[in-house]
Amino acid sequence: MTGHVIDGKAFAADVRARVAAHVARLREEHGVKPGLAVVLVGADPASEVYVRNKGVQTVEAGMASFEHKLAADTSEADLLALVRVLNADPAVHGILVQLPLPAHMNAELVINTIDPAKDVDGFHISNVGLLGTGQKAMVPCTPLGCLMMLRAHHGTLAGMTAVVVGRSNIVGKPMAQLLLGDSCTVTIAHSRTRELAAVCRGADILVAAVGRAEMITGDMIKPGATVIDVGINRVERDGRSRLVGDVDFASASVVAGAITPVPGGVGPMTIACLLANTLTACCRAHGVAEPEGLTA
Ligand code: GUN
């Protein structure tokens, strides 16, 4: 039997529609238009595609989009100066500095210069601390998207055993914090974990975020488990370039109770959650009610 395939594309479209409806109300009732500033340093083609998509979807949701494209040899001081200008700009409620940054820049310093209230990536050390202590934070977009899909599928997650494979600051660690916040019993596994297959087989919820193509196979999955695949890996297959996840979909989907595909699973949720975070930041800045179901 094949498990239920969670349609991230449809889910993301629903999130974007809910964001757009709330933005329209905000503009009508409070005269406030949420704004997102995206900063791209250099001309990495993949990053340019991400930034373009973010801009298009921001405008489609009724928000203002501010794009700042800087040359690859921009100095760190000039980037920090731009971040400070955006921090002080009342039309900007969210700031995203596209990563990776060029090697001559200290990414941690740049991220920690963003006003935490405008840090829609949730990467600022203040937001990391707030999330880790169960306080109101800006939450990283990809884990937030995963959490939304899990809540929609299961209702409550309380008491479930969750295994997160991957310990990155962007996905693995915040994902584990969010699952803990929803009262799961959480394990973070990684490349050095012993008996990884057995650890994974204990999971009611398995989140794969390791960045290794198809490393989670069906024999590592508890029958009926929910599998969230965060991986996006480009591989050559039969002479063609294809995108695959960290999960081997063919073997996993016949064991799992529900599974996200790649592409069309977690991926579309990331930008949808960026829009949701921008809206949340705007609501908090203006002291008006936050949208329900779009935050952690
Ligand atoms: N580069 C790839 N993904 C991301 C992301 O989620 N945020 C930022 N700032 N840069 C990225």
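Shown above is the structure to which this text applies.
Given the structure is predicted, the values throughout are model-derived calculations rather than measurements.

Q: So what's going on with the overall build of the protein chain? Which residues, and what values?
A: A tally of helices and strands in the protein chain yields 10 helices and 11 strands. Scaling as 2.2 N^0.38, a compact globule of 296 residues should have a C-alpha radius of gyration of about 19 Å, and the protein chain matches this with 19 Å. With the principal axes as the frame, the protein chain shows a C-alpha extent of 50 × 45 × 35 Å. The burial tally for the protein chain puts 49% of its 296 residues in the buried class. In the protein chain, 67% of the contacts between residues at least 6 apart in sequence involve partners at least 24 apart. Of the roughly 13,200 Å² of accessible surface on the protein chain, a fraction of 54% belongs to carbon and sulfur atoms. Separation of charge centres in the protein chain, based on 25 positive and 28 negative side chains, amounts to 2 Å.

Q: Now, about the pattern of salt bridges: what can you tell me, with residues and values included?
A: Applying the stated criterion to the full structure yields 6 salt bridges. D14 serves as the salt-bridge partner of R18, at 3.3 Å between the closest nitrogen and oxygen. With R18 and D14 both in helix α1 (residues 8–30) and 4 residues apart, this pair spans about one turn of that helix. For R18, a relative accessible area of 31% puts it in the partly exposed group. The class for D14 is partly exposed, based on a relative accessible area of 39%. Linking E290 and K136 is a salt bridge whose minimum nitrogen-to-oxygen distance equals 3.1 Å. On the criterion of sequence distance, the pair formed by E290 in the segment after α10 (267–286) and K136 in the loop between α5 (125–132) and α6 (141–154) is long-range, its members being 154 residues apart.

Q: With reference to specific residues and values, describe the pairing of strand β9 (residues 233–237).
A: Judged from the 5 bridges that link them, β9 and strand β10 (residues 240–244) form a sheet pairing that is antiparallel. By the bridge assignment, R237 is partnered in β10 with R240. The hairpin formed by β9 and β10 contains 2 residues between the paired strands, and D238 there has a positive phi angle of roughly 55 degrees.

Q: Explain α10 to me, using residue names and the numbers behind them.
A: The terminal C-alpha atoms of α10, which comprises 20 residues, lie 30 Å apart, in line with the 28 Å expected from a rise of 1.5 Å per residue. Most of α10 sits inside the fold, with 14 of its 20 residues counted as buried. Trailing α10 by a residue or two, G287 shows a phi angle of about 65 degrees, which is positive.

Q: Talk me through α1; I want residue IDs and the actual numbers.
A: In this model, α1 (23 residues) spans 32 Å end to end at C-alpha, consistent with the 33 Å of a helix rising 1.5 Å per residue. Along α1, the positions that sit buried rather than exposed are G8, F11, A12, V15, V19, H22, V23 and L26. Looking at the buried residues of α1, the elements they touch are α6 and α10. N-cap assignment for α1: the residue whose side-chain oxygen lies 3.1 Å from the backbone N of K9 is D7. Once α1 finishes, G31 follows within two positions and takes phi at roughly 65 degrees, a positive value.

Q: Would you mind going over the packing of helix α2 (residues 45–60) against α10 in detail, with residue names and values included?
A: The description of two packed helices rests on the angle between their axes and on the distance between the axes. It is the contact of α2 with α10, at a shortest axis distance of 10 Å, that shows an interaxial angle of 50 degrees. The angle between α2 and α10 places the two elements in the oblique class. The two elements α2 and α10 cross, and the hand of that crossing is right-handed. Taken together, the residues of α10 that come into contact with α2 (itself represented by Y50, N53, K54, Q57 and T58) are I271, L274 and L275. A breakdown of the residues in the contact of α2 with α10 according to their chemical character gives 4 nonpolar, 3 polar and 1 charged.

The rules behind the values
- Residues numbered from 1 in each chain as written.
- Predicted model: local features only at pLDDT ≥ 70, side-chain atom pairs only at ≥ 80, totals over all residues.
- Heavy atoms only, no water.
- Helix = DSSP H or I, 4+ residues; strand = E, 2+ residues; numbered from the N terminus.
- Rg over C-alpha atoms; globule rule 2.2 N^0.38 Å.
- Buried < 20%, exposed > 50% of the residue type's maximum accessible area, 1.4 Å probe, protein only.
- Contact = heavy atoms within 4.5 Å.
- Areas by Shrake-Rupley, 256 points an atom, 1.4 Å probe, with all protein chains shown as cover.
- Lys, Arg positive; Asp, Glu negative; His and termini not counted.
- Charge placed at Lys NZ, Arg CZ, Asp CG, Glu CD.
- Salt bridge = Lys/Arg side-chain N within 4 Å of Asp/Glu carboxyl O.
- Pairing = 2+ DSSP bridges.
- Expected span 1.5 Å × (residues − 1).
- Polar contact = N/O pair within 3.5 Å; in protein donor to acceptor, adjacent residues only side chain to side chain.
- Axes fitted to C-alpha atoms, helices over the stretch in contact; angles between N-to-C directions.
- Parallel < 35°, antiparallel > 145°, perpendicular 65-115°, else oblique.
- Left-handed = near helix turned anticlockwise from the far one by under 90°.
- Nonpolar A, V, L, I, M, F, W, Y, C, P; charged D, E, K, R; others polar.

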